[in-house]
Amino acid sequence: MSLQCGIVGLPNVGKSTLFNCLSNAKAQSANFPFCTIEPNVGVITVPDERLNKLAEIDKPKRLIPATVEIVDIAGLVKGASKGEGLGNKFLGNIRETDAILHVLRCFDDDNITHVDGSVDPIRDKEIIDTELQLKDLETVESRLAKLEKQAKTGGDKQAALVVGVLQRYKEALEKGLNARTVQFDKKEEQEAARELYLLTAKPVLYVCNVDEASAIKGNAYVERVRQAIASEGAGLLIVAAKIESEIAELETYEERQMFLEEIGLEESGVSRLIRAAYALLNLQTYFTSGADETRAWTFIKGSKAPQCAGIIHTDFEKGFIRAEVIKYEDYVALGSEAAVKEAGKMNVEGKEYVVQDGDIMHFRFNV
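Only a predicted model underlies this, so the values are computations on that prediction, with no experimental measurement involved.

Basis of the calculations
Residues numbered from 1 in each chain as written. Predicted model: local features only at pLDDT ≥ 70, side-chain atom pairs only at ≥ 80, totals over all residues. Heavy atoms only, no water. Helix = DSSP H or I, 4+ residues; strand = E, 2+ residues; numbered from the N terminus. Polar contact = N/O pair within 3.5 Å; in protein donor to acceptor, adjacent residues only side chain to side chain. Contact = heavy atoms within 4.5 Å. Phe/Tyr/Trp six-rings, centres within 6.5 Å; stacked < 30°, edge-to-face > 60°. Buried < 20%, exposed > 50% of the residue type's maximum accessible area, 1.4 Å probe, protein only. Pairing = 2+ DSSP bridges. Core = buried A, V, L, I, M, F, W, Y, C linked by side-chain atoms within 4.5 Å. pLDDT = per-residue confidence, 0-100. Patch = residues over 30% accessible without salt bridge, like charges linked within 9 Å, V, L, I, M, F, W, Y side chains within 5 Å. Areas by Shrake-Rupley, 256 points an atom, 1.4 Å probe, with all protein chains shown as cover. Salt bridge = Lys/Arg side-chain N within 4 Å of Asp/Glu carboxyl O. Lys, Arg positive; Asp, Glu negative; His and termini not counted. Charge placed at Lys NZ, Arg CZ, Asp CG, Glu CD.

(A) View of the side chain of Lys-125. With respect to the helices, strands and loops of the structure, Lys-125 is situated in helix H4 (residues 121-153). At a separation of 2.4 Å, a polar atom in the side chain of Lys-125 contacts the side chain of Asp-129. If sequence neighbours within four positions are ignored, Lys-125 has contacts with His-102, Leu-104, Tyr-206, Ile-229 and Glu-232.

(B) Fine view of the packing of aromatic side chains. A complete count under the given rule lists 6 aromatic pairs for this structure. For the ring pair Tyr-286 and Phe-299, a centre distance of 5.9 Å and an interplane angle of 45° mean the geometry is tilted. Of the two residues, Tyr-286 sits in strand E8 (residues 283-289) while Phe-299 sits in strand E9 (residues 293-300), which places them 13 residues apart along the sequence. With respect to burial, Tyr-286 and Phe-299 carry one shared label: buried. Relative to Phe-363, the ring of Tyr-286 has its centre 5.9 Å away and its plane inclined at 85°; by these criteria the two rings are edge-to-face. Here Tyr-286, found in strand E8, pairs with Phe-363, found in strand E12 (residues 360-365); they are 77 residues apart in sequence, far enough to count as distant. For the pair formed by Tyr-286 and Phe-363, the shared burial category is buried.

(C) Region of the structure containing the pairing of strand E4 (residues 67-72). The pairing of strand E1 (residues 4-8) with E4 spans 4 bridges and is classified as parallel. The residue bridging Ile-7 from the neighbouring strand is Asp-72, located in E4. Direction of pairing for strand E2 (residues 40-45) relative to E4: antiparallel, over a ladder of 6 bridges. Pairing of Asn-40 across the sheet is with Asp-72, part of E4.

(D) Looking closely at the nonpolar core. Membership of the largest hydrophobic core comes to 67 residues, with the highest contact counts inside it found for Leu-22, Val-68 and Ile-70. The residues contacting Val-68, other than those within four sequence positions of it, are Leu-3, Cys-5, Gly-42, Val-43, Ile-44, Val-46, Ile-274 and Tyr-278.

(E) Spatial organisation of the confidence of the model for the protein chain. In this model, the protein chain carries an average pLDDT of 85, and 88% of its residues clear a pLDDT of 70 or more. Across the protein chain, the element-wise mean pLDDT spans from 65 in helix H3 (residues 87-95) up to 97 in strand E10 (residues 320-326). Below pLDDT 50 for its whole length, residues 24-38 participates in 38 contacts with residues either more than four positions away or in separate chains.

(F) Here's a closer look at a negative patch on the surface. A surface patch of like charges, here negative, comprises Asp-108, Asp-110, Asp-211, Glu-212 and Glu-246. Within the fold, Asp-108 resides in the loop between strand E5 (99-105) and H4.

The structure is reproduced here in structure tokens:
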């Protein structure tokens, strides 16, 4: 399944620098607003040491990791919901993404101009929140105008359900709250809410861009952000984009690890960011492995075997018979599929099996 995360933030907070670290594409990076106009898109691999371990065992001809699309979206300014700056184009680009990586400037540097004249991540966050909320409110009010009459005069139960969802969103947005703070208990309401595709309902990971000295523990700016998002159910990650860009320039894995050790980090912020994005979207990985190919497949946590089979090909789901499942730990410990079978560690599962993170799968199907 394809996953797309959009990097957003005010101009000059480090969005394009972070994007350059995340992908092989090199977005222009300059000290003025709207340096990024068309959204740059980079496809990056998901770091997973388990895939490498399986490849060491099976020595496949091809090694295919899971991937994530990262979109570097143009910097937003106050008034975007009314067309200021790049306005609606920016908002349209966000609407197409699965999750938002909201970059906040949490470092001081007199050489890098801030669009509002001073460093204040909470103000910056609120500017973007307000613009997205205003756009969502416009969407909600437009839908309400159409559906309220339909629900009252036509006795349409589904319309009445959606009206209830829209009214709860309207109430929250008018208070300056993001749509993701509204929780629905009923399955029908949850489905109706998803189909609205509101901008502030998308999962968000706040990326605090800090200086080198704050790369490990953060700083006062980061703590303010942490307190501000406490009730949102959003994630927070500390990254020093400038350091990450230096790491990205190093050619070998060994050089990158030495650099990280020197500054006291166990792994790069890029790796942590991708894993955090996966967790944010409730995603997990299963594997297929053999002499031809070892591959990682992304699925939504809680998916059953037929659904996961359908990720490979729709025919696999339509004609699903059973799944042969090996636990990753057993595969690595015993060293081969044959040894796993001999030890009785391969399970045969049916349509109700809930696939687990790290499962090694082989699907049997008939079309």
